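# Descriptive structure summary
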Amino acid sequence: MTNDACGHASVSAESAERPRRIGCPGCNQPLPLRLSQEGERAALWECDACQTRVAGMFVPELATHLAHRVRLGQVHFDAHHSPPIPPVFGELVSRWIRRHDTRGNGPERRRDDRYAVHLEAVVVGLNDQWVPQGRPARALVVDLSRGGLGMVVRSPIKTPLVAVQIEGRTGALQLLGSITWSDHVGSGMHHVGARFVHRLGRGI
Ligand SMILES: [Zn+2]
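Residues numbered from 1 in each chain as written. Predicted model: local features only at pLDDT ≥ 70, side-chain atom pairs only at ≥ 80, totals over all residues.

## So, the sheet that holds strand 9 (residues 161-167)
Heads up, the condition is: Two strands pair if DSSP finds at least two bridges between them. Under the DSSP-based scheme used, a helix requires at least four consecutive residues in state H or I and a strand at least two consecutive residues in state E, with every element numbered from the N terminus. The convention used is that axes are lines fitted to C-alpha atoms, helices contributing only their stretch in contact, and that angles between N-to-C directions extend from 0 to 180 degrees.
Strand order in this closed barrel of 6 strands is 6-7-8-11-10-9, and the pairing throughout is antiparallel. The mean inter-strand angle of the sheet, taken between neighbouring strand axes irrespective of direction, is 45 degrees.

## Regarding the environment of P136
The cut-off we apply is this: To sort residues by burial, count the other C-beta atoms lying within 10 Å of each one's C-beta; a count of 20 or more means buried, 12 or fewer means exposed, and anything in between means partly exposed. C-beta atoms are built from the backbone. A pair of residues counts as a contact when their C-beta atoms, built from backbone coordinates, are within 7 Å of each other.
As for its placement among the helices and strands, P136 is situated in strand 7 (residues 132-144). Judged by local crowding, P136 falls into the buried class, with 22 C-beta atoms found within 10 Å. Through-space distance from the C-alpha of P136 to that of H81 is 9.0 Å; in sequence the pair is 55 residues apart. Those residues within four positions of P136 in sequence are excluded, and the remaining contacts are H76, F77, D78, A79, V122, V123 and V124.

## Let's talk about the sheet that holds strand 3 (residues 43-47)
Taken together, 5 strands build an open sheet; the order of strands is 1-2-4-3-5 and the sheet is antiparallel. The open sheet terminates on both sides in strands that have one partner only, identified here as strand 1 (21-23) and strand 5 (70-72). The average undirected angle you get between the axes of adjacent strands in this sheet is 50 degrees. Where strand 3 lies against strand 5, 3 bridges are found, and the strand directions are antiparallel. Considered in strand 5, the bridge of E46 is made with R71.

## Re the confidence of the model for the protein
Where we set the bar: Each residue carries a pLDDT score, the predictor's own confidence in it, on a scale running from 0 to 100.
Residue-level pLDDT values for the protein average 85, and 84% of them are 70 or greater. Confidence, read as mean pLDDT per element, is least for helix 1 (residues 2-17) in the protein (48) and greatest for strand 3 (97). Note on residues 1-14: pLDDT under 50 across the span, and 0 contacts to partners over four residues away in sequence or across chains.

## Regarding the pairing of strand 11 (residues 189-200)
The side chains of a regular strand alternate, residue by residue, between the two faces of the sheet. Direction of pairing for strand 8 (residues 148-153) relative to strand 11: antiparallel, over a ladder of 6 bridges. Bridging from a neighbouring strand, M151 pairs with V192 of strand 11. Where strand 10 (residues 172-186) and strand 11 come together, 11 bridges link them in antiparallel fashion. Across the sheet, residue L175 finds its bridge partner in strand 11, namely R199. If you look at the hairpin formed by strand 10 and strand 11, you'll find 2 residues sitting between the two strands, and S187 has a positive phi there, around 50 degrees.

## As for the nonpolar core
How we decide: To form a nonpolar core, buried Ala, Val, Leu, Ile, Met, Phe, Trp, Tyr and Cys residues must be joined through C-beta atoms within 7 Å. Note that domain bounds follow an automatic or database assignment of domains.
V123, A139, V141, M151, V152, V162 and V164 are the most contacted members of the largest nonpolar core, which totals 44 residues. It is strand 7 that contributes the most residues to this core, 6 residues altogether. Both domain 1 (2-72) and domain 2 (87-200) contribute no fewer than three residues apiece to this core.

Okay, here's the thing in structure tokens:
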């Protein structure tokens, strides 16, 4: 009996601690979010289907199946205080990449075909719980591959993850990546590589 009672008590405690999942209040579809707990700072999200705003914590274990159902709220990408990256730094880094690839160094960076691009973006650092950290900053995406991207930013990124929002003609694309490397390229600019982890929302 004592054993049964103990077992029962421990199961109850576990379920009481499990944070509550959140569905979309607008269209009821399941979202990869849960309610925040004491001491946690929820992020603002948007349902990709109906644009309803939801405050919550991302549940990384649900990302594979549900990351496309939410996007980070635009409040997290307000980078009006951050000056754009001068295009000259994009050119400089693109030239450096071409030289680098020709020399055949860095197999890690050459795993997928890369395409040189010049896309204005906003980047926000995330901690390992996908919670935005610090202020968003403007970035210039200079190369894209199936597996990741390279971008020029003004300050080194100190978080393990980033959300990168790339503006397109018909909307914005949000990509979640993990930082894989960072090089100082002079004049306070940094060339930072990120490996894609998930795309948020269905994109453009
Ligand atoms: Zn919805």
